[in-house]
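Breakdown of the fold
In case you want the letters, here they are:
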Amino acid sequence: MEKYDVEVKEKKTKKEVGLQELPGTHENIVMRFAPNPSGPLHVGHARAAVPNAEYVKRHDGKLILRIEDTDPKRVYEPAYEMIPEDLEWLGIKADEIIYQSDRFETYYDYAKQLIEKGAAYMCTCDGATFKELKDNCKPCPCRDNSVEENLELWEKFPEMDVGEAVLRVKTDIEHKNPAIRDWVAMRIVKESHPRLGDKYSIYPMMNFSVAVDDHLLGLTHVLRGKDHLANTEKQKYLYEHMGWEMPEFIHYGRLKMEDIALSTSKAMEGIEKGEYSGWDDPRLGTLKALARRGIDPRTIYSLITEIGVKSSDSAISWKKIHGLNRNYIEPIANRYFFVENPVEITVDGYDDGEVTIERPLHADHTDRGNRKLLFDGTAYLAKEDINDGIVRLMDAVNADISGDNISYNSTSFEDARSQKAKIIQWVPVKENVPVKIVMPDGSVKKGLGEVDIKELKVGDMVQFERVGFARLDEITDDAIIFYFAHK
RNA sequence: GCUCCGGUGGUGUAGUCCGGCCAAUCAUUUCGGCCUUUCGAGCCGAAGACUCGGGUUCGAAUCCCGGCCGGAGCACCA
């Protein structure tokens, strides 16, 4: 008789915030972020980099940045510099950087071992022929070559012409997914590599170099997009041939972002055509663009952590990004006046002379001090704000607007309140500074800002009252240029 | 077409493995109110979801089957 089942079920004890707990070991974990250096990092990369970094941080593991530059056609040289910069922006620091282009001899070594084991073979069929056979679950003639024949061809491999031969890893020629059947491990590439020049003509395919490296570098967990699902299956065969233990694989879903082309190649094309101002054009989804728009890296980090690593797709909305970002930006951004499409006005009947008005830099942090605005009965107002009725020029006077006529009504705030005057921003006529705000769609708002804006530095975040948050991007002779973040 | 994977409020998530404590969590969003010399912040309140249909079960977001919808892969790219 069976003993009573006294085993107490372990009930839902985990309450991880954001990321689900990692399967497998939690001791000495090793993870990697492995981008192809085809451009700077974008949000899609953050989706890979952040969870890796976060898991490593939680478990005090090791994070490897591995640059996957095994296709010379897809290497954009500046990316070698940009990738670590972008990671740093995200607050991620890899413990080690590996360049796959440094490791060709290692790949050759394992390729040869595979041949010797009879687990890989040199295939001289042309692609179409092989595909035809493969799609019908038929092995190609090369599959039966002896180890000796294969080794001989392997030695001759570097002298062959492009397309003449490839090295294939034996899988299951009847695998139900044709993509898995006897995949290519090595191919001939006669193209100059930014880091290798023409040193090699035999290049590993991603599935091969990735699996070899993941094993050799001691990866315990591999986090990758679900577009790699089939690749994981392919690589499984390599692990089996070599008698290696598989790391834990986790496949996450696609990330879509509202109104943004995440594709690096499209961005590159647009930049070359001059449609975009550069990798940090506000319309792009690069981290550089987000940074330029005043998105705090913590916004992206926490958003990605929240999205987690589940395999369903997610679409991130700007509303969500802005909402999160506001939490970070709001306390640090000092307030200033900006008027778009300024119209110079005179408040008829105002006769209190010239007064200096002080306003706090931040209403909730008065210790930061005040900025000063000069009021003498004239001002610039935003064209949009000039509508019939009573308005209060904030902290100055209340005025009645009637067509082009603007006349003094009163001064006290209480009067404004009792008359339900709309409070609007204004800029002194005597002292002001031209300001341009580049909007997320690339358009530019032109106007005037209060003179204290001159004290700001590039990178400072501000809030233009009633307009929104913006980041000071550049100070030119013409104007101070901001990039708009959000309301 | 074939091979896989997935579907919880507008959006992102928790819960699904091990059915009941889920009349479903949290964030963002939206809408009210309070406060405030910003349309920001803060405070209070509210709105809003288990893709559909069957089945199993005393009981299903959770298990099974089918439909629908979405996605990925099907390279000598990564």
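Let us look at the structure shown here. Everything numeric in this text was worked out from a predicted model, so none of it was measured.

Quick look at the overall build of chain A now. For chain A, the count of helices and strands is 12 helices and 26 strands. Over its C-alpha trace chain A gives a radius of gyration of 31 Å, far above what one expects of a compact globule, namely 23 Å for 487 residues. For chain A, the C-alpha atoms occupy an extent of roughly 105 × 70 × 40 Å along the three principal directions. Counting the 487 residues in chain A, one finds 51% classified as buried. Put simply, 68% of the contacts in chain A that link residues at least 6 apart link residues at least 24 apart. Put simply, chain A shows about 23700 Å² of open surface, and 47% of that area lies on carbon and sulfur atoms. Taking the 67 positively charged and 86 negatively charged side chains of chain A as two groups, their mean positions are separated by 5 Å.

One key point about sheets: their strands pair by backbone hydrogen bonds, in either a parallel or an antiparallel sense. Judged by pairing direction, the sheet is mixed, and its four strands sit side by side in the order S20-S19-S18-S21 without closing on themselves. Of all strands in the sheet, those bounded by a partner on one side alone are strand S20 (405–410) and strand S21 (422–424). Sheet twist, expressed as the average angle between the axes of neighbouring strands with direction ignored, equals 35 degrees. Here strand S18 (residues 389–393) runs beside S21; their pairing, made up of three bridges, is parallel. What sits directly across from Val391, in S21, is Lys422.

Contacts to RNA strand B come from 57 residues, most closely from Lys176, Met205, Arg254, Asp364 and Arg466. For RNA strand B, the backbone makes up 70% of the atoms found within 4 Å of the protein, where backbone means sugar plus phosphate. One of the side-chain N or O atoms of Arg392 is found 3.2 Å from a base oxygen in RNA strand B. Here a base nitrogen of RNA strand B and a side-chain polar atom of Gln463 are 2.7 Å apart. Those elements giving two or more residues to the surface near RNA strand B turn out to be helix H4 (127–135), strand S6 (184–188), helix H7 (229–242), helix H10 (297–307), strand S11 (314–316), helix H11 (318–329), helix H12 (413–418) and S21. Per-element accounting of the surface near RNA strand B gives the leading share, five residues, to H11. Looking at the surface near RNA strand B, its residues break down into 15 nonpolar, 14 polar and 28 charged.

A few words now on the sheet that holds strand S1 (residues 30–33). One open sheet holds the three strands; their spatial order is S1-S2-S3, and the pairing between them is parallel. Strands with a single pairing partner mark the edges of an open sheet, and in this sheet they are S1 and strand S3 (96–99). Looking at each pair of strands side by side, their axes are set apart by 30 degrees on average, direction ignored. In terms of strand pairing, S1 meets strand S2 (residues 62–67) through four bridges, oriented parallel. Among the inter-strand pairings, Arg32 is bridged to a residue of S2, identified as Ile64. Set on the sheet, helix H1 (residues 43–59) makes contact with S1 and S2; between it and S1 the angle comes to about 160 degrees. Together, S1, S2 and S3 form the strand contacts of helix H2 (residues 79–89), whose direction differs from that of S2 by roughly 155 degrees.

You can see Thr264 is positioned in helix H8 (residues 264–273). Thr264 has contacts with Ser38, Gly39, His42 and Trp279, leaving out every residue within four places of it along the chain.

To continue, consider the environment of Thr220. Here Thr220 lies in the loop between helix H6 (206–216) and strand S8 (221–225). Residues Thr220 and Asp473, spaced 253 residues apart in sequence, show a C-alpha to C-alpha distance of 42 Å. The contact partners of Thr220, leaving out residues within four places of it in the chain, are Thr25, Asn28, Ile29, Val30, Pro247 and Glu248. In terms of polar contacts, Thr220 uses its side chain to reach the backbone amide nitrogen of Val30, at 2.9 Å.

The next point concerns unusual backbone geometry. Phi is positive for Asn28, which is not a glycine, with a value near 45 degrees. Checked against the element boundaries, Asn28 lands in the segment before S1. With relative accessibility at 65%, the residue Asn28 sits in the exposed group. Even without glycine at this site, Asn341 takes up a positive phi of about 45 degrees. Note that Asn341 resides in the loop between strand S13 (338–340) and strand S14 (342–346). Residue class for Asn341 comes out partly exposed when judged on its relative accessible area of 42%.

To continue, consider helix H3 (residues 104–116). With 13 residues, H3 should cover 18 Å at 1.5 Å per step; its first-to-last C-alpha distance of 18 Å lies within 8% of that length. For H3, the full list of buried residues reads Phe104, Tyr107, Tyr108, Tyr110, Ala111, Leu114 and Ile115. Positive backbone phi, at 75 degrees, marks Gly118, one or two positions downstream of H3.

Moving on, we come to the pairing of strand S25 (residues 468–475). Looking down a regular strand, the side chains alternate between one sheet face and the other. Counting buried residues in S25 gives six out of eight residues, a clear majority hidden from the surface. One ladder, built from four bridges, connects strand S24 (residues 461–464) with S25; its direction is antiparallel. Residue pairing across strands places Gln463 opposite Phe469, the latter belonging to S25. Turn length for the S24-S25 hairpin, with the two strands adjacent in sequence and antiparallel, is three residues, and the turn residue Arg466 shows positive phi of about 70 degrees.

Tallying each qualifying case throughout the model produces zero disulfides. With no disulfide partner, Cys125 has as its closest neighbouring cysteine sulfur the one in Cys140, 3.6 Å distant.

So, about the environment of Asp452. Among the secondary structure elements, Asp452 is positioned in the loop between strand S23 (444–449) and S24. In the structure, Asp452 is positioned 80 residues away from Lys372 in sequence and 7.4 Å away in space, judged by C-alpha atoms. Beyond its immediate chain neighbours, meaning those up to four positions away, Asp452 contacts Tyr336, Arg371 and Lys372.

Turning our attention to the packing of H1 against H10. Where H1 meets H10, the closest approach of the two axes is 9 Å, and the angle between their N-to-C directions is 80 degrees. As summarised for this structure, H1 and H10 are arranged roughly perpendicular, according to the angle between their axes. Of the residues in H10, those in contact with Val43, Ala46, Arg47, Val50, Pro51, Ala53, Glu54 and Lys57 of H1 are Ile300, Tyr301, Ile304, Thr305 and Ile307.

Reading guide: rules and limits
- Residues numbered from 1 in each chain as written.
- Chains lettered and ligands numbered in written order.
- Predicted model: local features only at pLDDT ≥ 70, side-chain atom pairs only at ≥ 80, totals over all residues.
- Heavy atoms only, no water.
- Helix = DSSP H or I, 4+ residues; strand = E, 2+ residues; numbered from the N terminus.
- Rg over C-alpha atoms; globule rule 2.2 N^0.38 Å.
- Buried < 20%, exposed > 50% of the residue type's maximum accessible area, 1.4 Å probe, protein only.
- Contact = heavy atoms within 4.5 Å.
- Areas by Shrake-Rupley, 256 points an atom, 1.4 Å probe, with all protein chains shown as cover.
- Lys, Arg positive; Asp, Glu negative; His and termini not counted.
- Charge placed at Lys NZ, Arg CZ, Asp CG, Glu CD.
- Pairing = 2+ DSSP bridges.
- Axes fitted to C-alpha atoms, helices over the stretch in contact; angles between N-to-C directions.
- Near = heavy atom within 4 Å.
- Polar contact = N/O pair within 3.5 Å; in protein donor to acceptor, adjacent residues only side chain to side chain.
- Nonpolar A, V, L, I, M, F, W, Y, C, P; charged D, E, K, R; others polar.
- Expected span 1.5 Å × (residues − 1).
- Disulfide = S-S within 2.5 Å.
- Parallel < 35°, antiparallel > 145°, perpendicular 65-115°, else oblique.

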